[in-house]
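# An overview of the molecular structure
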Amino acid sequence: MTTPSNAGRFSPQAVIRRKRDGEELHADEIRRFVAGVTDGTVAPAQLGAFTMATYLNGMTPEETMSLVLAMRDSGSTIDWRDHGVDPRLVVEKHSSGGVGDEKVTLLVVPILAALGLVVPNMSAWGLDYCPGECDMLDAVPGYVAQPRLAEFAGIVARTGGGISGPTPDLAPADTEIFRVRDVSATVESVPLIAGSILSKKLSVSPSGVVISVGCGDGAFMHTLDEARSLAIAMRDVLTRVGIPSVLLITDLESVLGTSVGSAVEMLEVVDFLTGAARDRRVRELVEALCVEALVLTGRVADAARGAELVAEALSSGAAAAKFDEILHAQGGPAGFTERAADILPAAAVVRPVHAGSDGWLAGMNTTEVGLTLVQLGGGRVEPGAAIDVTVGFTGFAQIGDPLDESHPICVLHARSEEEWEAAAARLRAAMSVSDTSVPQAGSIVRERWEGSPA
């Protein structure tokens, strides 16, 4: 039996050696290692070695839970009773990422807040070919994406919702660990993904969590097995810490919704909330997540009643009004949904992209769509890099749609003619066109996993 390295002076290399050799780490070893990441006593090289050892050897459910809790406890947590909020109404929502998927959070938060739940959403900026929610919010003039902890908690208590990026107050270890994962080829590690996601979620003390795990060419998890592995890992951690959860594995083989890019996706969010336009698959996913949250917190007794309330929040304008309230509380302009097209910045060159031949859209290389956004300047390859919030794609064709002179692949928003031409060529090459009609994409939800603590 191996003696844990939790007595006497802490040795990061001893922890690394045990994980390198495939041994199970003790909770105290993980806690002290993560504390060392935060206070600087664990060197970046040591952290890189640890993340690679974890990537290669994985973690047991117990280790993953210990990692999540250690990362959560590297910063502060929120006690909602201090803010006059019933903790039973607090719910968190997360998406594991995908091309076009980030808009879903910005829809779920105001809908649930309009229905009486409290949604302190911890979001992020994007990386590689998957944009993030905070990239969209950066297009809104004045919006403060990283408010101080007390300010954020106050906004959420007052409005029912808030959307914040990573802050020095909440799970700060995640920032350091993610930076090293990004440059050490360990981003895909399931325990490290779970640690990053759940440490931030648990820092805002939710009573329930709903998560969509994207699966397919447009997601970080490309296969169903990969998505299922991540969903089960997160479910098991949440179950072990006593928080009920629902995780939906979603089909992201194609662009979700009709737009990709910061400002243009904000316009799609506004159109959805106001009823101007609602993509079928986006609506299916938004409704599913909202209903799961309403049932999870006991706000409704069954899914049918939850679906009725979601429809009412949208048709009455309550969800749009709540979105305006939340944006304004975090520094955005008042009445955003009424003036979004005038408020948001726009690209210099806006023109449709047509396929090389007429037919029906049969498939797409969705990763290439995301990488084309990066090429345009609308995504990043390094954390913290600046992006252009004006570029992107609107009116994106869906699987089974006709492609001809009247029906383009999309409308491309670029900074220059040269960039428009290069991006258009790349998009055409990423599309598969059939000369016979093909069926529309089916249900977006592929699997459902539920965690119910005993």
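Here goes a summary of the coordinates provided. If you're wondering where the values come from, they're calculated on a predicted model, not measured in any experiment.

## Looking at unusual backbone geometry
Positive phi values are uncommon outside glycine, yet A171 reaches one of about 45°. Relative to the elements of secondary structure, A171 occurs in the loop between β3 (161–164) and α8 (172–183). For S205, which is not glycine, the phi torsion reads 55° and is therefore positive. Relative to the assigned elements, S205 resides in the loop between α9 (190–203) and β4 (208–215). Accessibility expressed as a relative area gives 27% for S205, which makes it partly exposed.

## Thoughts on the packing of helix α7 (residues 149–159) against helix α14 (residues 318–329)
Between α7 and α14, whose axes approach to 10 Å, the crossing angle comes to 155°. On the basis of the axis angle, α7 is roughly antiparallel to α14. The hand of the α7/α14 crossing is right-handed. From α7, I155, R158 and T159 reach across to α14, where they touch K322, E325, I326 and A329. Split into classes, the residues belonging to the contact of α7 with α14 amount to three nonpolar, one polar and three charged.

## What to know about helix α10 (residues 224–240)
Taking 1.5 Å of rise per residue, 17 residues should cover 24 Å, and α10 covers 24 Å from first to last C-alpha, within 8% of that figure. Regarding α10, the residues found buried are A227, L230, A231, A233, M234, R235, V237 and L238. Those residues of α10 that are buried lie in contact with α4 (61–72), α9, β4, β5 (245–251) and β12 (445–451). Backbone geometry just downstream of α10 places G242 in the positive-phi region, at approximately 85°.

Parameters and conventions
Residues numbered from 1 in each chain as written. Predicted model: local features only at pLDDT ≥ 70, side-chain atom pairs only at ≥ 80, totals over all residues. Heavy atoms only, no water. Helix = DSSP H or I, 4+ residues; strand = E, 2+ residues; numbered from the N terminus. Buried < 20%, exposed > 50% of the residue type's maximum accessible area, 1.4 Å probe, protein only. Axes fitted to C-alpha atoms, helices over the stretch in contact; angles between N-to-C directions. Parallel < 35°, antiparallel > 145°, perpendicular 65-115°, else oblique. Left-handed = near helix turned anticlockwise from the far one by under 90°. Contact = heavy atoms within 4.5 Å. Nonpolar A, V, L, I, M, F, W, Y, C, P; charged D, E, K, R; others polar. Expected span 1.5 Å × (residues − 1).

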